[in-house]
Amino acid sequence: MTSPVQLAETVRTARSALIVLPTALGDVVMATCLPAALKQVNPSLTISWVVDKALADVLADCPVVDQVFSYTRKGQSSVFRALDLMRTSKAVRAQHPDFALALRNRFAVMIALGLCGAPVRFAMKGQGLFGRFARTDLLSPQQNLTGVSRFLSMLEPFQLDINEASPILTPNREWLRRSEELLASEGLASDTPYAVAAVGSSRPSKDWSVESHTEVIKWLATELSLPTILVGALKDEATAASIQAAAKEQVINLCGRTSLRLLTALSARARVTYGPDTGPLYVAAATKTPVVILYGPFSGGRLPPQCLHEDIIGKDGLMTNISPIQVIEALERVVTASSHPGNGTS
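Residues numbered from 1 in each chain as written. Predicted model: local features only at pLDDT ≥ 70, side-chain atom pairs only at ≥ 80, totals over all residues. Heavy atoms only, no water.

Focus: the pattern of salt bridges
Defined as follows: Salt bridges are defined by distance alone: a side-chain nitrogen of Lys or Arg within 4 Å of a carboxyl oxygen of Asp or Glu. Secondary structure follows DSSP: runs of H or I at least 4 residues long count as helices, runs of E at least 2 residues long count as strands, and numbering of each begins at the N terminus. Note on exposure labels: buried denotes an accessible area under 20% of the residue type's maximum, exposed denotes more than 50%, and partly exposed covers the range between, all computed with a 1.4 Å probe on protein chains only.
Per the stated rule, a full pass over the model turns up 14 salt bridges. Between Asp 84 and Lys 53 there is a salt bridge; the shortest N-O distance is 3.7 Å. With Asp 84 in helix H5 (residues 78–93) and Lys 53 in the loop between strand E2 (46–52) and helix H4 (56–59), this pair connects stretches of sequence that are 31 residues apart. Among the ionic pairs, Glu 186 bridges to Arg 257, the shortest N-O distance being 2.8 Å. Placement of the pair is Glu 186 in the loop between helix H9 (173–185) and strand E7 (195–198) and Arg 257 in the loop between strand E9 (251–253) and helix H12 (260–269), with a sequence separation of 71 residues. Its relative accessible area of 41% is what places Arg 257 among the partly exposed residues. Members of the salt-bridge network, linked through shared partners, are Glu 174, Arg 177, Arg 178 and Glu 181.

What follows is the structure, given as structure tokens:
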């Protein structure tokens, strides 16, 4: 194992670094705290990232990631995916990274790490056979931590002088303009503050009921004068339509209609975002929009204090045990505490 002094020197003197974390959306967004932390120590460090092609656009709005390499993880044959990974690894190798960090225990991650050409490579313990192929040093994130804290704990062996680091996404003017045009086409003026509600998730156990969403959205409209934008995947469109019909307030259903860059821009312009433990909540938090995250089967504590947020944990791990009044009270607290404008600016 390389000594802490050598690890620190690696970061301070490197010209380029590579992060390998292909998925999922929430993890990729939360892990942007790592390049932010590394650039505190070495501001001239060029940081590249290997990510699933489906998520590459979200990193286009990350100011601390300089180059994105993507490969196809799903939707094609295994031969195509393998060839695409090899192509990506070759492109990464041509950049001559000085060191690389792998943030997940997956076969493709270890292959990308092993072929990246970095003379110094770091991977998490427990990588098994493929880890032995790729790694030169092992890092042990603290198992009792989650989210941002767990990612940052990977840098503890480096003994670097790092201040607080948090996820960061900053949409550019073009995508902010596009988000404004989209909302205008739905009848929402550009200077109107609004809330965002994520209505779907990757697992049914994380979903919250139509009735609960409806009660919260009515409160946002009547008490805070905030119309609500519903976001999610195309599969969530029917649920969102039910919420829209039941709320009978100004609700705009954008499920299945937002790219990642458009989602980032919409989130940055929102007054507040709430919803289950899913990617759009972490996108919003990274834009410095206050968020309220509903946790059912998984624990909270994934965001740092710099991200204004509240976590609501469902008793017995059940989303059905999270009441609308709990969410309303949390929304009121974060909105009161926030200076985020939510009026079409970020």
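Read on, since the account is not over.
Concerning the packing of aromatic side chains
In this description, a pair of aromatic rings is defined by centroid distance and the angle of the planes. Stated formally: Ring pairs shown here join Phe, Tyr and Trp side chains whose ring centres sit within 6.5 Å, with only the six-membered ring taken for Trp; geometry is labelled stacked below 30 degrees between planes, edge-to-face above 60, and tilted in between. Put simply, a charge is over a ring when the Lys NZ or the Arg CZ is close to the ring centre, within 6 Å, and near the line of the ring normal, within 35 degrees.
By the definition in use, this model includes three aromatic pairs. With centroids separated by 6.3 Å and ring planes inclined at 70°, the aromatic side chains of Phe 99 and Phe 122 adopt a geometry described as edge-to-face. Here Phe 122 lies in strand E5 (residues 120–124) and Phe 99 lies in strand E4 (residues 99–102), a separation of 23 residues in the sequence. In this arrangement the basic side chain of Arg 178 is found over the ring face of Trp 175, its NZ or CZ atom lying 4.2 Å from the centre.

As for the pairing of E4
Basically, it comes down to this: Any two strands with at least two DSSP-identified bridges between them are counted as paired. The handedness rule is simple: strands pointing away from the viewer, and a clockwise path from the first strand over the helix to the second, make the crossover right-handed.
Taking every second residue as pointing to the same face, both faces of E4 are buried, with Phe 99 and Leu 101 on one and Ala 100 and Ala 102 on the other. Relative to E4, strand E1 (residues 16–20) runs parallel, the two sharing four bridges. Residue pairing in the sheet places Val 20 in a bridge with Ala 102 of E4. Taken together, the three bridges between E4 and E5 define a ladder with parallel strand orientation. Each bridged residue has a counterpart across the sheet, and for Ala 100 the counterpart in E5 is Arg 121. With respect to chirality, the unit in which E4 leads through helix H6 (residues 107–115) into the neighbouring parallel E5 is right-handed.

Take it as geometry only, folks, not as evidence of what the structure does.
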